[in-house]
Amino acid sequence: MTIGSPHAITAQTGSAILPEGDRRTDGRVQTVFRIARVITGTDEGLARITNLSDRGAGLRMMMPASLSESLTLEFADGVELRGHVVWQENEHLGLQFDQPIDCAHLLAVLAEGARLGSNRPVRLPLMVTALTRSEVGLRSAKVVDISLRGLKLEHDGSLTEGLDLKVTLPSGIERLGRVRWVRGDRAGVMLLQSLSLDALGSIQRLMRTPEPPVGLRQEPQGADQVAQK
């Protein structure tokens, strides 16, 4: 494994990091603000890595996780760390790696990959139908994957390179974007308004259709109400 080959570091590892203010047992904690994909047994989403050591990582994530639950962190394609939850406080938690790592080397590998342009932004696989509005009209398209600044669509052939459009996800999130590339029935869209980390914190929540306001909900009709009509 060399720093010039970032994808060679498929490190299936993990280790514990202590809560804020109690890190004397690990002198190599590094403060980082890197985005990673977190995979649990039932969900996945994007999370912020707040600190990293040879033994573990501190995370801020929106998905629920329980103590001792196993998680996988994906920093880039082929760069994964595995571990389990050792402490949790609201949306903050500590992950203990299954095996210790060299965190300084890992960060150097990721930095080199970013410099060379070989590390693509962390993406979430997402097979949901979205609506697109553009000069070609209202169309439905399937979202194949999504990141903070872009998404990949499977479309009906109506999308062309350079087309400006608005994308509406099932959860109600709307963003303006521009088609950057088209290959067959796939198109890459650059978002002109970045998504928030919290918005992509859980695939399950992202796919969920929001409940209508209480005042707009239709109450189930009883037999007597139906009879009066």
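Here the structure is a predicted model, which means the values were calculated and not measured. (Residues numbered from 1 in each chain as written. Predicted model: local features only at pLDDT ≥ 70, side-chain atom pairs only at ≥ 80, totals over all residues. Heavy atoms only, no water.)

Trainee: Hey, could you run me through the packing of aromatic side chains in this one?
Mentor: Aromatic ring pairs are reported here in terms of the distance separating the ring centres and the angle at which the planes meet. Inspection of every chain in the model, using the stated rule, returns 0 aromatic pairs. Sitting over the face of the ring of Trp-181, Arg-183 holds its NZ or CZ atom 4.2 Å from the ring centroid. (Phe/Tyr/Trp six-rings, centres within 6.5 Å; stacked < 30°, edge-to-face > 60°. Lys NZ or Arg CZ within 6 Å of the ring centre and 35° of its normal.)

Trainee: Would you take a moment to explain the nonpolar core for this structure?
Mentor: One finds Leu-46, Val-143, Ile-146, Leu-151 and Leu-200 to be the most contacted residues of the largest nonpolar core, which totals 27 residues. If you list the elements that add at least two residues to this core, you get β7 (124–134), β8 (137–146), β9 (150–154), β10 (164–168), β12 (186–191) and α2 (203–207). It is β7 that contributes the most residues to this core, 4 residues altogether. When neighbours within four sequence positions are excluded, Leu-151 is seen to be in contact with Val-143, Asp-145, Ile-146, Val-167, Ala-187, Gly-188, Val-189 and Leu-191. One finds Ile-49, Leu-73, Ala-76 and Val-85 within the second-largest nonpolar core, a separate group that totals 26 residues. (Core = buried A, V, L, I, M, F, W, Y, C linked by side-chain atoms within 4.5 Å. Buried < 20%, exposed > 50% of the residue type's maximum accessible area, 1.4 Å probe, protein only. Helix = DSSP H or I, 4+ residues; strand = E, 2+ residues; numbered from the N terminus. Contact = heavy atoms within 4.5 Å.)

Trainee: Explanation requested: helix α1 (residues 103–116) in the structure shown.
Mentor: Since the α-helix turns once every 3.6 residues, residues separated by three or four places project in the same direction. For α1, spanning 14 residues, the distance from its first C-alpha to its last is 20 Å, which sits close to the expected 20 Å at 1.5 Å a residue. Cys-103, Leu-106, Leu-107, Val-109, Leu-110 and Gly-113 are the residues of α1 that are buried. Seen end-on, α1 carries its buried residues on one side only, within an arc spanning 155°. The elements touched by buried residues of α1 are β1 (30–39), β2 (44–52), β4 (70–76) and β5 (79–89). In this structure Asp-102 caps α1, since a side-chain oxygen of it lies 3.3 Å from the backbone nitrogen of Ala-104. Of the residues flanking the end of α1, it is Gly-117, one or two places downstream, whose phi is positive at about 80°. (Expected span 1.5 Å × (residues − 1). Arc of directions from axis to C-beta. Polar contact = N/O pair within 3.5 Å; in protein donor to acceptor, adjacent residues only side chain to side chain.)

Trainee: Is there a simple way to think about the sheet that holds β7 in this case?
Mentor: Note on sheets: strands pair through backbone hydrogen bonds, and any given pair is parallel or antiparallel. Pairing within the closed barrel is antiparallel, and its 6 strands lie in the order β7-β8-β9-β12-β11-β10. Mean inter-strand twist for the sheet, computed between neighbouring axes without regard to direction, equals 45°. Of the strand pairs in this sheet, β10 and strand β11 (residues 174–183) are connected by 5 bridges, and their pairing is antiparallel. Residue pairing for β11: Thr-168 is matched across the bridge by Glu-174. (Pairing = 2+ DSSP bridges. Axes fitted to C-alpha atoms, helices over the stretch in contact; angles between N-to-C directions.)

Remember that the coordinates give geometry; whether it matters functionally is a separate question.
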